[in-house]
Structure formats: C-alpha cells, structure tokens
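Listed below, chain by chain, are the residues.
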Amino acid sequence: MNATTRRQAIINYALLVFFCFIALFPIFGVFIASVYPSGSQPSSFKLPSHFAFHNFVTAWTQGDFSMYFRSSAIVAVSVVVLATGLSVLGGYAFGTMRFRGSKVLFYTFILGLIIPTEATIVSLYYDIRSLNLIDTWTALILVEVSGAVAFGVFWMRAAFLSAPRSLLEAARIDGASTWQIMWRIMIPFGWPAILTLMVLTFADSWNEFFLALVLTTSNQHLTAPAGLQVFSGKYVTNTPLIAAGAVIVALPVVMVFLLLQRQFIRGVLTGAVKG
Amino acid sequence: MATVEFRKVTKHFDEVSALSEFSLDIHDGEFMVFVGPSGSGKTTALRLVAGLEAITSGEILIGEREVNRVAPRDRDIAMVFQDYALYPQMTVEQNMAFGLKMRKTPKAEIARRVQETAATLGIEELLQRKPRALSGGQRQRAALGRAMVRQPEVFLMDEPLSNLDAKLRVQTRSEIKQLHKQVGNTTVYVTHDQVEAMTMGDRVAVMSEGVLAQVGDARSVYEEPANVFVAGFIGSPSMAFVTMNVTRADGTAILSRGEVRLETAARVLLPDEVIVGVRPEHARIWHEGADLVGPVNGTVEYVEMLGRETLIGVGLPGGARLVAQAAPDLLIDVGGSVAIGIEPGRMYLFDPATERSMGRL
Amino acid sequence: MEDLAARPAIIEVVQSPKRRRQERLPGEPRKVAYLYILPAFLIYAAFNLVPLVQGFNLSFYNWDGITTGQWVGLSNYRAVFSDPIIRDSYLHTLVLIVFYCFIPVAIGLLLAALLSRMRIRGLTVFRMLLFLPTVLTDVVLAFAWTWIYDPKGPLNNFLQDVHLGFLRRPWLGDFHTALPAVGLFGSWEEYGFCMILFIAGVMKIPASLYEAARVDGANAVREFFAVTLPGIRYELTVVVVLTMIDALGTFDEVYIMTNGGPGTATTVPAFEVYNRAFLTGQVGSAAAIGITLMVVVFAVSYGIAKVLEPKDA
C-alpha cells in the first residue's frame, strides 16, 4: 500500500523520530543530571565534564535507597505472586465454568476498575489503622492486591475464554478434575497472558505512589517512589543526587520493560484493541 | 455389552428444540453414523451421549446403564473432536497418556498401551512432537490415538474428517473403517457428508431438524428411503422431485404434469397428487424399444460433463426438473428438447401431505 | 489514577461480554466455582468495596479524624459546588483534560493520518521508545520535569540560548503558568500511548478501503475523515476514556511538582482528598470529594463510550 512518495515517507519517518526524541529527552535529562557532581546545579542537557557515578552510591547508602528498594521489591513481588495466583483462580472459574450469579459477580469485579483510589483511600486509611497495620508492608500489599485482582480476574477470564471449548471437553472426558484441568491444561495454555499480567502488575506496584504515601510512614517501609519524594525533601537543592535516586527508582521497571516489552505492549494494546 | 440406547431423548436450548423424541438402539460393536445437514441434531445427539450437554427429557443408556446424570469421565467413552482438541503444550505421547494418567493407570501399563496404539496408527515417530509441529492428518491420528488408547466401551467421533483435504479424507476414511474391523468397539460417528455415511456405516441414521428421519443400512436407506428428506439427502447427485397429478383408469395409473403423461401399472392406492422422485442414475435418454417408462418430454436446461458421465437437467412444465444421466460422449444443446425414460420400478412415490414414502413404481 | 494495568479493561464496562448459557451439565462441578473465586473476592471486597461503602457513609459527617464526627447530611456534597477550592479543583481538571486528552489525541491522530498510507519499518523500536513515558514511574518523570521547569533549569536556559529570554519565568511557581506546566507534562506523558494505539488501529484497516476511496477520488483529508477516523473508532474511544480518567485522577505529579500550589492554583480533586483527609482534618469532606470523583469518572467513561461507540453488531 505504498502510495506515499519517497519524500512523504522521509517526512513521516522524520516526524516519528522527532516524537520519539521528545518522548525521551526528559528521561535523558534525568540520566545526565544524575552524573553531575553532587551539590551542583545542572542547568542544561550538556554532559558534565566529570561523570559523578558516585552519586548513585551515595543515594543508595546515605540516601536509604537500599531500604526503599528493598521495600519496593518485597511489596511488588508479593503483590505479583498473590494477585496473579488469585486472578488465575478467579479468571479460571469465570472463564470456564457455568454457575449461578457469575454475571453479577463478574460485574462486581469490573466495578473495581472504575473505583478510583481516591474514593476509598480515606476509609482505607482508618480501617488499616484500626487493624494496627499502618506503616507495614502487609497493608500496602493487601490494598494493592485488591486493586490488581479486579483487573487480573478480567484479564485471565478473557484469556481462558479464548480457549476452544473442545479442549476443556476433551479434558473432562479424559477424566481430569477441575483443579487438574486448570493446572495441566489451562495454565500452560494461558501462560502468555499470565506473564503479561505479572509484568503489568509488577509495574503498577513498583510505580505506586499515592498508596505508599498514605499507608507507610517510616523509612524502613517506604517504597521507592515515596522514598524518592522523602529523599528530595531532605536534599532539596542537590539536584544530581535526587536525579541519581530517581534513576535507581526507575531502573527495575525499565529493565522489566526492555526484557519483556512484548508482553508489556501486548498487554496494554490487546486489552485496549481487542479485535 | 457396549450398546447405546436413546429413549425418546429431547434436548432444548432455550426455546430452540435441537432434538425431539429421538429414539434409537445402537448394537454392540456397531459402527453407527449419524448423518444430516447442519441443525439436524446429529452433533447434539452425540454430545448427549458424551455427557457434554444435559438432557432435557428422555433417557440415554450406555451398556444398559442409564447415564443421564453421569459425568463424562465415568461413562467409559472416548471422543474425537472436529478440531482434534489436542492439548497444545503436551507432546503426542503425553496427550495420549493423559486420560490414563487421570485414571491412575500404572506407568508401565500406560507406556505399553501408548506404544501399541501408536504402532497401530503408525505414529510412533510423532510421539515426542507437539501438536503445532504436526500436519492436519497427523493431528487427526493423534486425536484418534488419544481416544483409542483408553479402550473405552464407546467411541464418539464428531466430524473428524471435515478438516482434512479431500484426498486425505478418502484415505483416512477407509483407515478408520479398517481400525473398526480390527478393534471392534461400538462407534457413533457424526458427519454431514452422506458419502462418508454410506461408505463407513454399518447402519446410517439420517437426521433432519432434530428428528430421526430413517435408520437402516446403506442399501436400505438408498433403495428404500422412508421419506422425501432421506430420498433427497442420500445419493449424489441427488434425487429430483416432480409433483404430478394422478388419474386412474382400471388397473393403470396415469401420472401427468402439463403435457407429460406416464402410464404405469398401479398396485398402490394413490391420492390425487403425488411427488415423484427419480434418481439421475435411473433416468436416461429415451429410445423406443428400451425397457423404460416414458417418454418424458422437456427442454434441456443444463448439461454437466463430468467425464465419467454427463448429467442433463431437463426442465418440465411448471418449473419442475428431472436430472438424467447420459453417456459421456453425448452431444446435446441447452435449450433443445429432449425425451427422458425412467427405469421401471425406479419412480419413488411420496405422499405430498406427509412426504412419506408410498413405495415405487 | 494511572494504573497501567487498568487501561485496557475500562472499555469492558460498556461492552457487555458474551455470556455462556447457564445449565447444569452431568457431573459438572458448580459450587466449586465459588471456591475458586472466593479468595480474590474476599480481598477485593475487604479493601475495595467495604471502604467504598464506608467512605460513602463518612461523607455525611464532618470529622477531623480524632474527635467524634458530626452528621451534616449532604452539606459536604453541596460544598462541591459552593466551596471555591473544590470547584476550582474540578475546573483545573477541565484544563488538564485539554492537556491530557485533547492534545495527545490530536497528536496521535495526526500521526496516524500521516502514517496510514505506509508500512512502518522498525515499528517495534518506535513503539518501545514511545511507550517509555507511560511505563516509567510518574514520580520519577515528575521530578524530571520539575528540574526542567526549575527557574535555573534547562527550559529557561534553553529559552535564553535561543534569544527568547524574556519568556523565562518560574514555571511551577507562577499562578498563570503552573497549571499549564503540569498539563504539558501530562500531554508529554500521554501522547506516546495515543500514537501507538492509533497506529495499531490504523494498521488494522484493510488497504482495500483506502484504495476504494482513492478510486472514488478522495484526497488525503477526505481519506482521513472517511476511512481512517471511522476505522479507529474503537481505539479512539479507549484512548479518550483512559486519558480523561488519568486527567481526573491526577495526584502524583501535582503532589511532586507543585503541591497544589502556588496557593491552590493547581489543586485537583485527588489532591484535595489527600489534603483534607490527612493534613487539614476534614475527613468527611475528603470522602465526599472522593465519591463525587468516582461518579464523575464513571459518568465520563460511560458517556464517552456511548457517544463514540457506534451500535454495530
């Protein structure tokens, strides 16, 4: 379908490149700023004469980023494991079984996708407090899981629904129980979807700021984004140091994204662009 | 005794009736084919035997045991699906072993049976491959193998050949028939292809719109169709039907339509109008002296040269049409007139009101 | 609220899924389904549904979080209209909608239109790069932009270098520019996502439609309106809904970049919720704002989906 002239094609590619560049430049900026000498005031995108990689070490040790990182890791991994497990179970039920009230129950989960955190955060805080779970990872994990599960159940249900019915029927004739069908047939079948779910859940959890801000207070329990915010409050004028901290915070998600970008993009695209 | 019995089985899907009062006895070791167009209920009937759908009313018995509420896994059946339904993440061997594993068969026994079945089907080299690495025909065999390895009482097959290309289909057809001779399990086979039905089935159950139209062996279904539907469905090219008026004149009946008049001896009491059905293989170009009933005069509507024979569509007054078979070297023009003769005893008569057979003249 | 994962699912609300017939099959387990759903449902109900109901209840009280609250009926809801700060927060959201939704969508459409006639090589790479702003922690990105907007930072310096020095100002500290500055951040963050979705949608449009249009004598503009735009209707709906929801739920960037200020020049509903619940002791009011925000989000999603989605089979 090449009705475009060569010149048009060049212009188009140029535009694409331009927009990509725009998308990247602030990110570059952070990287550049992070290697300026600590305490200095980088004011442009020019590379510094001296790369102060030491900033990262400072941020990690003195800046408590090792702690923030650890908290984020613990929370994110727990959320991924828990949310994925529960979503697979629920999605499997919705996607392959017929039972009374399945429609209503499913819509209840869908509701969770529309309920913004702002609507529940207030009572959540007081509930968590009355459970004495303020400033614990447990509270953060549970709240994040509850949000992740709303999407996860929807996602896994769609994945399992796409399995040909004859596959399930063959398994039932073969004598597999519901549990065995899930383990041996549906999970292997739906593995790409599960992986995508894990990737998206991980990113959401790692990037979560609002919940961490409200539910965790001590340095030991703050997750990375919230930690970055606190850190920036302590070192307000030290832009390179803050930038170094920002890079540390951003790194895991970037790596996961680069490694598994197909899953990432497919997840965001397919759901939005389902045939 | 691995018999299958349908007793007045009815199946509704919401308001749609897929199967109505379907009754049938399938004998032990029989290869029974359910054949009919889509929507005839044949697949529904099969799935009811499998336990993949719930019966609305009636009973199904497998081996003299009522199984209405019995789960598929406890019915001692195995099924070959139209899309094969092979577990995509498992090798062929694992696919075949799955059912046995679920029944806690000892490992050695599983291995033995898988090997045996694979040998019978000639798929030993495919055992370690996954379904996506197999061709259509190979997948079909793997699906067969998975069913056979369980050695069930009843085999169920849901149009297993429809996804194969024509040549492979013919080949596999005879292979399945061979296997059945070897292994001898009761088999219920569903297809929409009447050629498959006729060549494979010990008996054929012709179905239409949720009702059993006729059951019998291939010969009787072909030679003695019970109604218009079966007569028109079985046989290719299909039977042509013409409605004709009847007048009687002591001992003979005169069937007429427009200027066409046929005289034959009337042994049966006929109503004023009959549907006459004639198969193309029983209608020929008319010549004097031949032992044919006729002549039936009409215009040539189309000529189909099939190599082995030529088919001629003959238009009759009032929009009716008969199809006649002629020798391949016949030259005839569309639009010209032609006279047709019918083999005696090959005019099938049907009551226009009930569409039931009234015998043949 | 910028749940990456929630993005694709929002549309599901308006499009009802096809349901399987409910029937008891021989030997098929039915009750066990509830068991599979139970764990997920329990956590979801406990930390999502219950707090929602509680929040609804809370919104009818004036409470400072410590002493007992007072019943005030609907006054917190009335405040949504009467209290200037809350009103402003919603007005600011309207401005943000322009930045978070209209601008990125326009950019996305523009590019989709230009690229609709050609095959794009290296699309994977472009996709990856354009996606980065969506994927990265927005706290990190907010800090990046805070630095860019800094009075002594790159933007002002750049303006100086291109002889536009008179345009320099404290972007995030100036009453007039703070909100647009935040908005611009949103535009930057969202446009990549829009572009990718639209390009994907355009690629699904059969070439034959374009050829037919060309044979009919359509020029590029007509082609866009006749073929491209209707062809990506679904993607358009998704994108508009998602970006609007993002605009409505903005919190992180406001907190980081301006803290609602200067004054209340950049406050948004989500920020007010946080502010009132945890800083100024107006818990009931916060709850009410949260609930109204949810209603607005739902109404907007539903409304847009209904307007943009054609009723075809």
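All of these numbers come straight from a predicted model, not from anything done at the bench. (Residues numbered from 1 in each chain as written. Chains lettered and ligands numbered in written order. Predicted model: local features only at pLDDT ≥ 70, side-chain atom pairs only at ≥ 80, totals over all residues. Heavy atoms only, no water.)

1. Topic: the overall build of chain A
Here's step 1: Along the backbone of chain A there are 13 helices and zero strands.
Here's step 2: Going from the N terminus to the C terminus, chain A shows its helices and strands as α-α-α-α-α-α-α-α-α-α-α-α-α.
Here's step 3: Each principal axis of the C-alpha distribution contributes one length, and for chain A these read about 70 × 65 × 30 Å.
Here's step 4: Each of the 275 residues in chain A was classed as buried or not, and the buried ones make up 63%.
Here's step 5: When contacts within chain A are restricted to residue pairs at least 6 apart in sequence, those whose partners lie at least 24 apart make up 72%.
Here's step 6: With an accessible surface of roughly 10,400 Å², chain A has 68% of that area assigned to carbon and sulfur atoms. (Helix = DSSP H or I, 4+ residues; strand = E, 2+ residues; numbered from the N terminus. Buried < 20%, exposed > 50% of the residue type's maximum accessible area, 1.4 Å probe, protein only. Contact = heavy atoms within 4.5 Å. Areas by Shrake-Rupley, 256 points an atom, 1.4 Å probe, with all protein chains shown as cover.)

2. Let's talk about the sheet that holds strand β1 (residues 4–13) of chain B
All names here are of chain B.
Here's step 1: The four strands are arranged β2-β1-β4-β5 in an open sheet whose pairing can be described as antiparallel. This sheet does not close on itself; its edge strands, each paired only once, are β2 (16–26) and β5 (65–66).
Here's step 2: Across two bridges, strand β4 (residues 57–62) lies against β5 in antiparallel orientation. Following the sheet pairing, L61 is matched in β5 by E66. (Pairing = 2+ DSSP bridges.)

3. With respect to the nonpolar core
Here's step 1: Core analysis: the biggest nonpolar cluster contains 240 residues, and F6(B) and F34(B) have the highest contact counts within it.
Here's step 2: No other element matches helix α6 (residues 137–161) of chain A, which puts 16 residues into this core.
Here's step 3: When near neighbours in sequence (up to four residues on either side) are disregarded, F6(B) contacts F22(B), S23(B), L24(B), I26(B), F34(B), A45(B), V49(B), E59(B) and I60(B).
Here's step 4: Counting 42 residues, the second largest nonpolar core, distinct from the first, contains L161(B), I176(B), Y189(B) and V230(B). (Core = buried A, V, L, I, M, F, W, Y, C linked by side-chain atoms within 4.5 Å.)

4. Brief notes about helix α2 (residues 75–82) of chain C
Residue and element names in this part refer to chain C.
Here's step 1: For α2, every residue scored as buried is listed here: N76, Y77, A79 and V80. Looking down the long axis of α2, one finds its buried residues gathered within 150 degrees of arc, a one-sided arrangement. Turned more than 90 degrees away from the buried face of α2 sit R78 and F81, all of them exposed.
Here's step 2: Packed against the buried residues of α2 are α1 (31–58), β1 (61–62), α3 (84–115) and α13 (283–308). (Arc of directions from axis to C-beta.)

5. Examining the environment of V105(C)
Residues and elements named next belong to chain C.
Here's step 1: Here V105 shows up in helix α3.
Here's step 2: Sequence-wise, V105 and M195 are 90 residues apart; in three dimensions their C-alpha atoms are separated by 7.7 Å.
Here's step 3: V105 has contacts with C194, F198, L236, V239 and V240, leaving out every residue within four places of it along the chain.

6. Quick word on the interface of chain A and chain B
Here's step 1: Listed per partner, the contact involves 18 residues of chain A and 25 residues of chain B.
Here's step 2: Roughly 1,800 Å² is buried in total at the junction of chain A and chain B, and carbon and sulfur atoms are behind 58% of that figure.
Here's step 3: Taken together, the connections running from chain A to chain B amount to two salt bridges.
Here's step 4: The salt bridge involving E169(A) is made with R47(B); its shortest N-O contact spans 2.6 Å.
Here's step 5: The interface formed by chain A and chain B contains 10 residue pairs in polar contact (both at pLDDT 80 or more).
Here's step 6: Those elements that provide at least two residues to the side of chain A that touches chain B are α7 (165–174) and α8 (178–189) of chain A.
Here's step 7: Ranked by residues supplied to the side of chain A that touches chain B, first place goes to α7(A) with nine residues.
Here's step 8: Here the residues of the side of chain A that touches chain B sort into nine nonpolar, four polar and five charged. (Buried area = accessible area lost by both parts, 1.4 Å probe. Salt bridge = Lys/Arg side-chain N within 4 Å of Asp/Glu carboxyl O. Polar contact = N/O pair within 3.5 Å; in protein donor to acceptor, adjacent residues only side chain to side chain. Nonpolar A, V, L, I, M, F, W, Y, C, P; charged D, E, K, R; others polar.)

7. Side note on the packing of aromatic side chains
To describe a pair of aromatic rings, you give the distance between the ring centres and the angle between the ring planes.
Here's step 1: Following the criterion strictly, the structure yields 57 aromatic pairs over all chains and no others.
Here's step 2: Pairing F151(A) with F154(A) gives two aromatic rings, centres 6.2 Å apart and planes at 45 degrees, and the pair type is tilted. Of this pair, F151(A) and F154(A) are both found in helix α6, three residues apart, which corresponds to roughly one turn of the helix. An identical accessibility class is assigned to F151(A) and F154(A); each is buried.
Here's step 3: Judged by centre distance (4.9 Å) and plane angle (85 degrees), the ring pair of F6(B) and F22(B) falls under edge-to-face. (Phe/Tyr/Trp six-rings, centres within 6.5 Å; stacked < 30°, edge-to-face > 60°.)

8. Brief notes about the interface of chain A and chain C
Here's step 1: The partner chain C presents 114 residues to the 115 residues of chain A that form the contact.
Here's step 2: Summed over both partners, the interface of chain A with chain C comes to about 10,400 Å²; 72% of that surface belongs to carbon and sulfur atoms.
Here's step 3: At the boundary of chain A and chain C, one finds 14 residue pairs in polar contact (both at pLDDT 80 or more).
Here's step 4: When its residues are assigned to classes, the side of chain A that touches chain C shows 78 nonpolar, 26 polar and 11 charged.

9. A word on the confidence of the model for chain A
Here's step 1: Predicted confidence across chain A gives a mean pLDDT of 88, with 96% of residues reaching 70 or more.
Here's step 2: Taking the mean pLDDT of every element in chain A, the minimum, 71, falls on helix α13 (residues 261–272) of chain A and the maximum, 94, on helix α3 (residues 65–96) of chain A. (pLDDT = per-residue confidence, 0-100.)

10. Brief notes about the sheet that holds strand β7 (residues 154–158) of chain B
Residues and elements named next belong to chain B.
Here's step 1: Pairing is mixed across the open sheet formed by six strands, whose spatial order is β6-β7-β8-β3-β9-β10. Each of the sheet's edge strands pairs with one partner strand only, and the pair in question is β6 (77–80) and β10 (211–216). The sheet shows a mean angle of 20 degrees between the axes of neighbouring strands, direction not considered.
Here's step 2: Bridging between strand β3 (residues 31–35) and strand β9 (residues 203–208) involves four bridges; their strand directions are parallel. Looking across to β9, one finds that M32 is bridged to R203.
Here's step 3: Lying on the sheet, helix α4 (residues 136–148) is in contact with β6 and β7; it crosses β6 at an angle near 175 degrees.
Here's step 4: Across the sheet, helix α5 (residues 166–183) touches β3, β7 and β8 (186–191), and the angle it forms with β3 is around 145 degrees. (Axes fitted to C-alpha atoms, helices over the stretch in contact; angles between N-to-C directions.)

11. Observations regarding helix α12 (residues 269–278) of chain C
Here's step 1: Taken across its 10 residues, α12(C) has nine buried, putting it largely inside the fold.
Here's step 2: Buried within α12(C) we find P269(C), A270(C), F271(C), E272(C), V273(C), Y274(C), N275(C), R276(C) and A277(C).
Here's step 3: On the buried face of α12(C), the contacting elements are α5 (117–130) and α10 (210–215) of chain A together with α3, α11 (252–257) and α13 of chain C.

12. Describing the pairing of strand β17 (residues 310–315) of chain B
The side chains of a regular strand alternate between both faces of the sheet.
All names here are of chain B.
Here's step 1: In terms of burial, β17 is largely enclosed, as six of its six residues are buried.
Here's step 2: On β17, burial covers both faces: T310, I312 and V314 on one face and L311, G313 and G315 on the other are all buried.
Here's step 3: Relative to β17, strand β16 (residues 293–305) runs antiparallel, the two sharing six bridges. Each residue of the ladder has a partner; that of V303, found in β17, is I312.
Here's step 4: Hairpin connection, β16 to β17: the antiparallel pair is bridged by four residues, and G307 has positive phi, about 90 degrees.
Here's step 5: Taking the residues that link successive antiparallel strands as the turn, the β17-strand β18 (residues 321–326) hairpin has five residues, and the phi of G318 there is positive, at about 85 degrees.

13. A short note on the side chain of R146(B)
Here's step 1: The topology assignment puts R146(B) in helix α4.
Here's step 2: This buried residue, R146(B), is left without a salt bridge; D174(A) holds the nearest opposite charge, at 4.3 Å.
Here's step 3: A polar contact of 3.1 Å, which involves the side chain of R146(B), links it to the backbone oxygen of Y84(B).
Here's step 4: Among residues more than four places away in sequence, those in contact with R146(B) are A170(A), D174(A), F81(B), Y84(B), A85(B), L86(B), Y87(B), N95(B) and M96(B). (Lys, Arg positive; Asp, Glu negative; His and termini not counted.)

14. With respect to the pattern of salt bridges
Here's step 1: All told, the structure shown has 22 salt bridges over all chains when counted by the stated rule.
Here's step 2: In this structure, the salt-bridge partner of R47(B) is E53(B), at a minimum N-O distance of 3.0 Å. E53(B) matches R47(B) in its accessibility class, with the two residues each being buried.
Here's step 3: The salt bridge involving E109(B) is made with R113(B); its shortest N-O contact spans 3.2 Å. Residue E109(B) and its partner R113(B) are both found in helix α3 (residues 107–121); the two are separated by four residues, about one turn of the helix.
Here's step 4: Under the relative-accessibility criterion, E109(B) is labelled partly exposed at 25%.
Here's step 5: Overlapping salt bridges bring together R165(A), E169(A), R47(B) and E53(B) as one network.

15. Details of the state of the cysteines
Here's step 1: Using the criterion set out here, one finds zero disulfides over all chains in the structure.
Here's step 2: For the unlinked cysteine C20(A), the closest cysteine sulfur is that of C194(C), found at 14 Å.
Here's step 3: You can call C20(A) buried: its relative accessible area is 5%.
Here's step 4: Of the cysteine sulfurs around C194(C), a residue in no disulfide, the closest is that of C101(C), at 7.4 Å.
Here's step 5: The exposure class of C194(C) is buried, given its relative accessible area of 0%. (Disulfide = S-S within 2.5 Å.)

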